[in-house]
Amino acid sequence: MNRYLLFIALLINFSLFFFSCQKKKEEKITGNWQYIYLTNTNNTIQNWTFIDNNKFIKTIKTDTIISDTADWKLTADALSATKLKITGINEWTDGTYEILTLNKKYLIIQRISLSSGSSDGAFNRMEFVKSN
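Figured I'd write up the structure that's included with this text. The shown structure was predicted, so the numbers you read here are calculated from the model rather than taken from an experiment. (Residues numbered from 1 in each chain as written. Predicted model: local features only at pLDDT ≥ 70, side-chain atom pairs only at ≥ 80, totals over all residues. Heavy atoms only, no water.)

Thoughts on the sheet that holds strand β5 (residues 83-87)
If you trace the 8 strands once around the closed barrel, you get β1-β2-β3-β4-β5-β6-β7-β8, paired in antiparallel fashion. Across the sheet, the mean angle from the axis of one strand to that of its neighbour is 35°, orientation sign disregarded. As paired strands, strand β4 (residues 65-75) and β5 are joined by 5 bridges and run antiparallel to one another. Note on β5: the bridge partner recorded for T75 is K83. (Pairing = 2+ DSSP bridges. Helix = DSSP H or I, 4+ residues; strand = E, 2+ residues; numbered from the N terminus. Axes fitted to C-alpha atoms, helices over the stretch in contact; angles between N-to-C directions.)

Overview of the environment of W33
Checked against the element boundaries, W33 lands in strand β1 (residues 31-35). Judged by its relative accessible area of 0%, W33 falls in the buried class. Along the sequence, W33 and N132 sit 99 residues apart, while their C-alpha atoms lie 8.3 Å from each other. One polar contact links the side chain of W33 to the main-chain carbonyl oxygen of I29, over a distance of 2.9 Å. (Buried < 20%, exposed > 50% of the residue type's maximum accessible area, 1.4 Å probe, protein only. Polar contact = N/O pair within 3.5 Å; in protein donor to acceptor, adjacent residues only side chain to side chain.)

Describing the side chain of T93
Residue position: T93 is located in the loop between β5 and β6 (95-102). At 2.8 Å, the side chain of T93 forms a polar contact with the side chain of K58. Sequence-distant contacts of T93, that is, excluding residues within four places in its chain, are made with W48, K58, I86 and R111. (Contact = heavy atoms within 4.5 Å.)

Some words on the nonpolar core
If you look at the biggest cluster of nonpolar residues, it comprises 19 residues, and the most contacted ones within it are I29, W48, F50, L84, L107 and I109. Elements represented by at least two residues in this core include exactly β1, β2 (45-50), β4, β5, β6, β7 (106-113) and β8 (124-131). Every residue in contact with L107, bar those within four places of it in the chain, is listed here: I29, W33, F50, I99, T101, L102, M126, E127 and F128. (Core = buried A, V, L, I, M, F, W, Y, C linked by side-chain atoms within 4.5 Å.)

Some points on a positive patch on the surface
On the surface, K24, K25, K28 and K104 cluster together to form a positively charged patch. In this fold, K25 is placed in helix α1 (residues 2-29). Taking relative accessible area as the criterion, K25 reaches 31% and is therefore assigned partly exposed. (Patch = residues over 30% accessible without salt bridge, like charges linked within 9 Å, V, L, I, M, F, W, Y side chains within 5 Å. Areas by Shrake-Rupley, 256 points an atom, 1.4 Å probe, with all protein chains shown as cover. Salt bridge = Lys/Arg side-chain N within 4 Å of Asp/Glu carboxyl O. Lys, Arg positive; Asp, Glu negative; His and termini not counted. Charge placed at Lys NZ, Arg CZ, Asp CG, Glu CD.)

Notes on the pairing of β4
Strand direction decides the pairing type here: strand β3 (residues 55-61) and β4, joined by 7 bridges, are antiparallel. Following the sheet pairing, T59 is matched in β4 by S67. Connecting β3 to the antiparallel partner β4 that follows it, the hairpin turn spans 3 residues.

Section: the environment of S116
The residue S116 is located in the loop between β7 and β8 in this model. Here S116 falls in the exposed class, since its relative accessible area comes to 62%. For the pair formed by S116 and E91, sequence separation is 25 residues and the distance between their alpha carbons is 9.4 Å. Looking at S116, its side chain comes within polar contact range of the main-chain nitrogen of S118, at 3.4 Å.

Given below as structure tokens:
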């Protein structure tokens, strides 16, 4: 009987820890992130803004400003990386991303599946720095 109670207590503690980590990641990702271009883009600036109510704004500034709004959601399984799902922008952005790095300064994500659920042609790695 004691082993059963110990197992239940450990399971509850693990669940609480898991959900508290998930909340911390949601707090970390909320805010403005500037995309890091790997090549010269003639002063193009791309910002991704994650808002508390799971709304997402993608803004691209060149000579003009293009802004799109979508939804985002973080999910995590017990033994796998946290996933970021973006829906409602376009086929080049929508999909499920694995979060490789998320801290106060950097966000690195890698798309692992398209919005259709297919992984064929889904690869897209993006790196961001936190902006104010």
